[in-house]
Amino acid sequence: MMTQYVHQPDFMTGDEFSIPTFSLLNPEGELHSDADEPALERDHARRIYQAMLATRILDERMMAAQRQGRLSFYMQCTGEEAAVVGATAALNDADMIMAQYREQGALMYRGFSIDEFMNQLFGNELDYGKGRQMPIHYGSRKLHYMTISSPLATQIPQATGYAYGQKLAGNGHCTLTFFGEGAASEGDFHAALNMASVHQVPVIFFCRNNGYAISTPAVEQFAADGIAPRAFGYHMHVIRVDGNDVLAVYEATRQARKIAVEKNQPVLIEAMSYRLAAHSSSDDPSGYRSKDEEEVWRAKDPLLRLQKWLLKKQWWSEEEEATQQETLRREVLETMKRAEKRSSPPLESLISDVYADITPSLQRQFDQLKRHIRRYPEAYPRGAQSLDLDVGTETDTQGEA
């Protein structure tokens, strides 16, 4: 890097740089006059839309289930489906995805079944996580989707590390990690970008900037122009994209993947979008944003934008839309009823994967837990159902807390 000298103090604030927003479709589903349509085949475009639609319907039904008391917790992707599904569609299906907690659309696109979603949400005996996680903490080894962990931003440095392994393996794959602009305020974000840039690894950092970190608006989170300019500090490729425009997200991610895989260089993508739903089922957005603001963004609904484009190209029809919505709603409801009736994982599965062999200390703790549940079965009805019969005769010589 060539050093340029000046002989008078010349301070810079970053205002000298302006990062544009890449967009292909307007809210009416029409290409901008100077935009090039991406090379997206009919079946691929339909698969993207169907995944977005299925995610929207799953979210609507499961939020209703939470309000009915059938589910303890839920988080919707509503309004951000284009960012999540569009980015996933641009990847190779064997590329690793490390999500935050609002990216169920990525799994939907890759073929995670409604049954698999429901088993995790209800933590039943068929849940891959064996009931150990909160709802919406999905994971799928076969679909290359790392299990979600609750602490904010931990997946970002993990993505850098995983991508470093991919670089060493030379298998032509990359890692994409999703996170919100609030997570970009964590130290993990900066550590991850610095490490990725220094070691030149094939990772895509995908920031969903939806304007709010729970209830904190972006203007109170950071003073600079969003997240994208931070890439300059790490000498990293960066692009800002209209996160409600699935074609733009797809094309930006497709080209980012090419940089990551072919050059072993990291890329930062900032997708500008809006969370139309609450942060979670525990949140009430009316306390920190107006209905007028929400309506402005509803007019930019990513699902309707893509639907209009597909209809104009005659790749989709009103009849298909009605049939698909009815089929999906019925499937979600029927699958949910099956999932919530399934038994919980056996209590023994609580410690089965901690060590290769269960240690004496862990076994003693587990035995104490069983005695506690047997003593207070009304407080742990599901756990009590899976206890061995002989536990009822045991006494706790260590005492109960």
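Residues numbered from 1 in each chain as written. Predicted model: local features only at pLDDT ≥ 70, side-chain atom pairs only at ≥ 80, totals over all residues. Heavy atoms only, no water.

Visitor: Talk me through the packing of aromatic side chains; I want residue IDs and the actual numbers.
Guide: Tallied over the entire structure, the rule returns 12 aromatic pairs. Note on F17 and F232: the rings are 5.4 Å apart at their centroids and 50° apart in plane angle, and the pair reads as tilted. Pair noted here: F17 is in the segment before β1 (21–22) and F232 is in the loop between β7 (216–217) and β8 (237–242), with a separation of 215 residues, a long-range link. Judged by relative accessible area, F232 falls into the partly exposed class, the value being 43%. The interplanar angle of 70° and the centroid separation of 6.1 Å between the aromatic rings of F112 and Y138 together place this pair among those described as edge-to-face. On the criterion of sequence distance, the pair formed by F112 in the loop between α3 (104–110) and α4 (114–122) and Y138 in the loop between α4 and β3 (145–146) is long-range, its members being 26 residues apart. (Phe/Tyr/Trp six-rings, centres within 6.5 Å; stacked < 30°, edge-to-face > 60°. Helix = DSSP H or I, 4+ residues; strand = E, 2+ residues; numbered from the N terminus. Buried < 20%, exposed > 50% of the residue type's maximum accessible area, 1.4 Å probe, protein only.)

Visitor: Outline the pairing of β8, supporting the account with residue identities and numerical values.
Guide: The pairing of β1 with β8 spans 2 bridges and is classified as parallel. Its bridge partner being in β8, F22 is matched across the sheet by V241. Here β8 pairs with strand β9 (residues 267–272) via 6 bridges, running parallel. Residue pairing across strands places D242 opposite M272, the latter belonging to β9. One crossover worth recording links β8 to the parallel β9 by way of helix α7 (residues 246–263), and it is right-handed. (Pairing = 2+ DSSP bridges. Right-handed = clockwise from strand over helix to strand, strands pointing away.)

Visitor: Just give me the short version of α7, but keep the residues and values in it.
Guide: In a regular helix each residue adds 1.5 Å, so 18 residues correspond to 26 Å; α7 covers 25 Å between its end C-alpha atoms and thus fits that length. Turning to α7, its buried residues are V246, L247, A248, V249, Y250, E251, A252, T253, A256, R257 and A260. The backbone nitrogen of L247 has a side-chain oxygen 3.1 Å away, supplied by the residue at the start of α7, namely D245. Of the residues trailing α7, N264 is marked for its positive phi of about 55°. (Expected span 1.5 Å × (residues − 1). Polar contact = N/O pair within 3.5 Å; in protein donor to acceptor, adjacent residues only side chain to side chain.)

Visitor: Lay out the domain arrangement of the chain with the relevant residues and their values.
Guide: The domain boundaries assigned to the chain delineate domain 1 (21–341) and domain 2 (347–400). Look at where the C-alpha atoms of domain 1 and domain 2 centre, and you get two points 39 Å apart. Listed as interface residues are 4 residues of domain 1 and, on the opposing side, 6 residues of domain 2. Both faces considered, domain 1 and domain 2 share a buried interface measuring about 340 Å² in area, 23% of it formed by carbon and sulfur atoms. On the surface where domain 1 and domain 2 come into contact, there are 2 salt bridges. With its nearest N and O atoms 2.8 Å apart, the salt bridge here joins K130 to D353. Where domain 1 packs against domain 2, one counts 3 residue pairs in polar contact (both at pLDDT 80 or more). For the side of domain 1 that touches domain 2, the per-class residue count stands at 1 nonpolar, no polar and 3 charged. (Domains from an automatic or database assignment. Contact = heavy atoms within 4.5 Å. Buried area = accessible area lost by both parts, 1.4 Å probe. Salt bridge = Lys/Arg side-chain N within 4 Å of Asp/Glu carboxyl O. Nonpolar A, V, L, I, M, F, W, Y, C, P; charged D, E, K, R; others polar.)

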